[in-house]
Amino acid sequence: MAGMRVLVTGVDGYIGAVLGPTLLEQGFDVVGMDCGFYRDGWLYNDTRPRPITLTKDVRRMGPKDVEGFDAVVHLAELSNDPLGELNEHTTYEINHLGSVALARACKAAGVPRFVYTSSCSVYGAAEDGGERNEQSAPNPQTAYARCKVLVERDVGALADTHFSPVFLRNATAFGASPRMRFDIVLNNLAGFAWTTKEIRMTSDGTPWRPLVHVDDICQAVILALEAPREAVHNEIFNVGDDEQNYRIREIAGIVGQVFDGCTVTFGPPSGDNRSYRTSFAKIRRHLPGFRCRWRAELGARQLREIFERVGLTEEMFFARAFTRLEQLKHLIATQQIDADFYWRPLESRAGRGPLE
Ligand SMILES: NC(=O)c1ccc[n+]([C@@H]2O[C@H](COP(=O)([O-])OP(=O)(O)OC[C@H]3O[C@@H](n4cnc5c(N)ncnc54)[C@H](O)[C@@H]3O)[C@@H](O)[C@H]2O)c1
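Small disclaimer: the values here were computed from a predicted structure and weren't measured. (Residues numbered from 1 in each chain as written. Predicted model: local features only at pLDDT ≥ 70, side-chain atom pairs only at ≥ 80, totals over all residues. Heavy atoms only, no water.)

## Here's the deal with the overall build of the protein
Looking only at helices and strands, one finds 13 helices and 14 strands in the protein. Projecting the C-alpha coordinates of the protein onto the three principal axes gives extents of approximately 55 × 55 × 40 Å. Within the protein, the fraction of its 356 residues that count as buried is 57%. Within the protein, residue pairs in contact and separated by at least 24 positions form 80% of the contacts whose partners lie at least 6 positions apart. Accessible area of the protein: about 14500 Å², with a carbon and sulfur share of 49%. Seen as two clouds, the 41 positive and the 46 negative side-chain charges of the protein have centres 1 Å apart. (Helix = DSSP H or I, 4+ residues; strand = E, 2+ residues; numbered from the N terminus. Buried < 20%, exposed > 50% of the residue type's maximum accessible area, 1.4 Å probe, protein only. Contact = heavy atoms within 4.5 Å. Areas by Shrake-Rupley, 256 points an atom, 1.4 Å probe, with all protein chains shown as cover. Lys, Arg positive; Asp, Glu negative; His and termini not counted. Charge placed at Lys NZ, Arg CZ, Asp CG, Glu CD.)

Written out as structure tokens, the structure is:
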């Protein structure tokens, strides 16, 4: 696939900051795009080259922005459940309408492949405890997850002989990225363990969460880009591993083995009723090269090494730039972005956003 021209939206995010350099390493010709919500946060240096990146809001992209690319990998969204609740209207504007408009732009510009990062959170509250696969009815519990379902439906409807969308329903990610996130479960518990010696769960630890390492998500994206059209055309794949469906208290136990000497504390049963176990058989059938190389324990060890290397302090762990909700609240409170999450123009550059 050397030379394949790929545009990655959301390249400055948690997954994008790993995906961009990984694609370049593998010989893809990569351009990044991101509106830059989280550029304040960079936990450690990754010496690999990063793609040239344009600053643009996905809602302002049209066919001209995607012309000439062989594929678009679309990561740019308000990307987790609590964040999606902050302003549901804007979540729909960016995550649902923005993603569908981008897919339409790709189709109009003749981009043949569109890889969309959906989420296993579409399964939501799987109350019977049974395993969910791609045929199971989604049961989204949040605006974020509902948007994922709507994008799959509406972008799926655009599929034709010249346009192949692929939907990757990622499990909850973990592991190292320079654009670190401490608002996802394993990274969060590991950060607590290192900085406070307490593995602090906000729930009673009973909900199920499938996990997948960020490097394994990148592997799935690459396989989805390289696969023959018939293997992936308009297909949905859960991305993860059958061995990595955990209860949150098990994740805490694994973190406790890696960061020894910590106490584990539980919260009350939470109002958050998301709990799902997921089957990952389909991706291995269609993309036979796919295999998760990381396990939760290995990921916790990787984080421990990084925390040691950068001297992670409590202040760094709690810094807003690594927790998406806090960063966006800050951008709103300081009026850097408006009610619709567009950057506000600086007075001196009236009519133009500071970063565009
Ligand atoms: N991290 C996970 O656990 C996980 C799991 C399943 C699916 N996903 C999906 O993968 C994708 C990437 O996730 P991530 O964890 O890297 O998220 P992230 O929040 O770290 O990164 C998203 C990036 O998109 C950018 N962005 C947001 N809105 C934008 C807009 N309107 N215009 C342009 N750029 C915009 C942000 O600035 C950010 O850099 C998302 O679609 C997410 O829903 C992530």
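## Some words on the pairing of strand β5 (residues 113-119)
Counting buried positions along β5 yields seven of seven residues, so the element is predominantly enclosed. Side chains of β5 alternate between two faces, with Arg113, Val115, Thr117 and Ser119 and Phe114, Tyr116 and Ser118 buried alike. As paired elements, strand β4 (residues 71-74) and β5 share four bridges and run parallel to each other. Bridged to Val73 within β5 is Val115. Of the pairings in the sheet, the one linking β5 to strand β7 (residues 164-170) comprises seven bridges and is parallel in character. (Pairing = 2+ DSSP bridges.)

## Details of the environment of Arg153
Looking at the secondary structure, you find Arg153 in helix α5 (residues 143-156). For Arg153, a relative accessible area of 53% gives the class exposed. Along the chain, Arg153 and Val100 lie 53 residues apart, while their C-alpha atoms are 9.6 Å from each other.

## Concerning the pattern of salt bridges
Tallied over the full model, the rule gives 18 salt bridges. For Lys107, the salt bridge is made with Asp160, and the minimal N-O distance between the two is 3.2 Å. Of the two residues, Lys107 is situated in helix α4 (residues 88-109) and Asp160 in the loop between α5 and β7; the sequence distance between them amounts to 53 residues. Taking the relative accessible area as the measure of exposure, Lys107 reaches 32% and is therefore partly exposed. It is possible to trace a salt-bridge network through shared partners that takes in Asp12, Arg39 and Arg179. (Salt bridge = Lys/Arg side-chain N within 4 Å of Asp/Glu carboxyl O.)

## Digging into the site of the ligand
Taken together, 30 residues form the shell around the ligand, and within it Tyr14, Ile15, Asp34, Ser79 and Tyr144 come nearest. In this structure, Val58 approaches the ligand through a main-chain N or O atom, which is 2.8 Å from a nitrogen atom. A distance of 2.6 Å separates an oxygen atom of the ligand from a polar atom in the side chain of Ser79. Considering the ligand on its own, with 830 Å² of exposed area, one finds that the protein chains cover 98% of that surface. Every element with two or more residues in the shell around the ligand is listed here: β5, α5 and β8 (172-174). Per-element tally for the shell around the ligand: the top contributor is β5, with three residues. (Near = heavy atom within 4 Å. Polar contact = N/O pair within 3.5 Å; in protein donor to acceptor, adjacent residues only side chain to side chain.)

## Thoughts on helix α7 (residues 214-226)
Between the first and last C-alpha of α7 there are 19 Å, a value that for 13 residues agrees with the 18 Å anticipated at 1.5 Å per step. The element α7 is extensively covered by neighbouring structure, given that eleven of its 13 residues are classed as buried. Along α7, the residues classified as buried are Val214, Asp216, Ile217, Cys218, Gln219, Ala220, Val221, Ile222, Leu223, Ala224 and Leu225. (Expected span 1.5 Å × (residues − 1).)

## A short note on the packing of helix α6 (residues 185-196) against helix α11 (residues 296-310)
Viewed as axis vectors pointing N to C, α6 and α11 meet at an angle of 45 degrees, and their least axial separation amounts to 10 Å. By the criterion of interaxial angle, the relationship of α6 to α11 is oblique. In the crossing of α6 with α11, the sense of the turn from one axis to the other is right-handed. Together, Leu186, Asn187, Ala190, Gly191 and Trp194 of α6 and Ala296, Ala300, Leu303, Arg304, Phe307 and Glu308 of α11 make up the contact between the two elements. (Axes fitted to C-alpha atoms, helices over the stretch in contact; angles between N-to-C directions. Parallel < 35°, antiparallel > 145°, perpendicular 65-115°, else oblique. Left-handed = near helix turned anticlockwise from the far one by under 90°.)

## Overview of the environment of Lys64
With respect to the secondary-structure elements, Lys64 resides in helix α2 (residues 63-66). Linking Lys64 and Gly130, residues 66 residues apart in sequence, is a C-alpha distance of 45 Å.

## Some remarks on the packing of α4 against α5
Running from amino to carboxyl end, α4 crosses α5 at an angle of 20 degrees, the nearest separation of the two axes being 9 Å. The orientation of α4 relative to α5 falls into the category roughly parallel. Considering how the two elements wind past one another, α4 and α5 form a crossing that is right-handed. For the pair α4 and α5, the contacting residues are Glu88, Thr91, Tyr92, Asn95, His96, Ser99, Val100 and Ala103 in the first and Ala143, Tyr144, Arg146, Cys147, Leu150, Val151, Asp154 and Val155 in the second. Grouping the amino acids of the contact of α4 with α5 by side-chain chemistry returns nine nonpolar, four polar and three charged. (Nonpolar A, V, L, I, M, F, W, Y, C, P; charged D, E, K, R; others polar.)

## Regarding the sheet that holds strand β12 (residues 245-247)
Ordered in space as β8-β10-β12, the three strands form an open sheet in which the pairing is mixed. Because the sheet does not close on itself, it has two edges, and the strands there are β8 and β12. The average angle at which neighbouring strand axes cross in this sheet is 50 degrees, direction not considered. Pairing analysis gives three bridges linking strand β10 (residues 208-213) to β12, with the strands arranged antiparallel.

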